[in-house]
Amino acid sequence: MSNPLFNDEIELRVRYGETDQMGIVYYGNYAQYFEVGRVEWLRKLGVSYKQMEEDGIMLPVTKLTVEFKKPALYDDLIKVKTQLVKLPSASIEFNYVITNQAGEILTLGNTILVFMDVEKNRPTRCPKFLLDKLQS
């Protein structure tokens, strides 16, 4: 999607505790990098994930795919590019590209999350306030 509201990019420094003994980022940490990317994407859109939770909407991940191209290393400055795939309905889908400081693609990812009504413990539609922000 070419709309700049649908794209965001953040920078992170790989911390020592995120790596194995070889100084390579442990594979499980990429899901956390994706989470930081989408939470910041929401924040820059003017939506607080914390406020959504307080309002009774959760966003559990129902699908996660990761394709590793090159390893991220201790102390690398990485960029997490987050892109909304399409306007959300009962779910929201993001693509991710993680690059290093040289611009090399390290990892590609995708997540699908479902809007859940906490009170009813059932999927629900995307909140209107979020759709309004994306369509304005």
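Up top you'll find the structure we're talking about.
Residues numbered from 1 in each chain as written. Predicted model: local features only at pLDDT ≥ 70, side-chain atom pairs only at ≥ 80, totals over all residues. Heavy atoms only, no water.

## A short note on the side chain of N110
The following threshold applies: Numbering of helices and strands starts at the N terminus; helices are DSSP runs of H or I of at least 4 residues and strands are runs of E of at least 2. Buried, partly exposed and exposed residues are distinguished by accessible area as a fraction of the type maximum, computed with a 1.4 Å probe on protein chains only: under 20%, between the cut-offs, and over 50%, respectively. As used in this structure description, the phrase polar contact means that two N or O atoms lie within 3.5 Å; if the pair is within protein, one of them must be able to donate a hydrogen and the other to accept it, and residues adjacent in sequence are counted only when both atoms belong to side chains. Residues are treated as being in contact if the distance between any of their heavy atoms lies within 4.5 Å.
Here N110 shows up in strand β6 (residues 105–114). Overall, N110 belongs to the buried group, its relative accessible area being 10%. Separated by 3.2 Å, the side chain of N110 and the backbone oxygen of F94 make a polar contact. Here N95 takes part through its side chain, which lies 2.8 Å from a polar atom of the side chain of N110. Those residues within four positions of N110 in sequence are excluded, and the remaining contacts are K63, L64, T65, V85, E93, F94, N95 and Y96.

## Looking at the packing of aromatic side chains
The line we're drawing: What counts as a ring pair is set by centres within 6.5 Å for rings of Phe, Tyr and Trp (its six-membered ring), and what kind of pair is set by the plane angle: stacked under 30 degrees, edge-to-face over 60, tilted for all other angles.
Inspection of the entire model under this criterion finds seven aromatic pairs. An angle of 85° between the planes, with centres 5.6 Å apart, marks the rings of Y30 and Y33 as edge-to-face. Taken together, the positions of Y30 and Y33, both in helix α1 (residues 29–45) and three residues apart, correspond to about one turn of that helix. By relative accessible area, Y33 is classed as buried at 4%. Centroid distance W41 to F94: 5.0 Å. Interplanar angle 75°. Geometry classified as edge-to-face. Remark: F94 occurs in strand β5 (residues 91–99) and W41 occurs in helix α1; sequence separation between them is 53 residues. Both residues of the pair, W41 and F94, count as buried.

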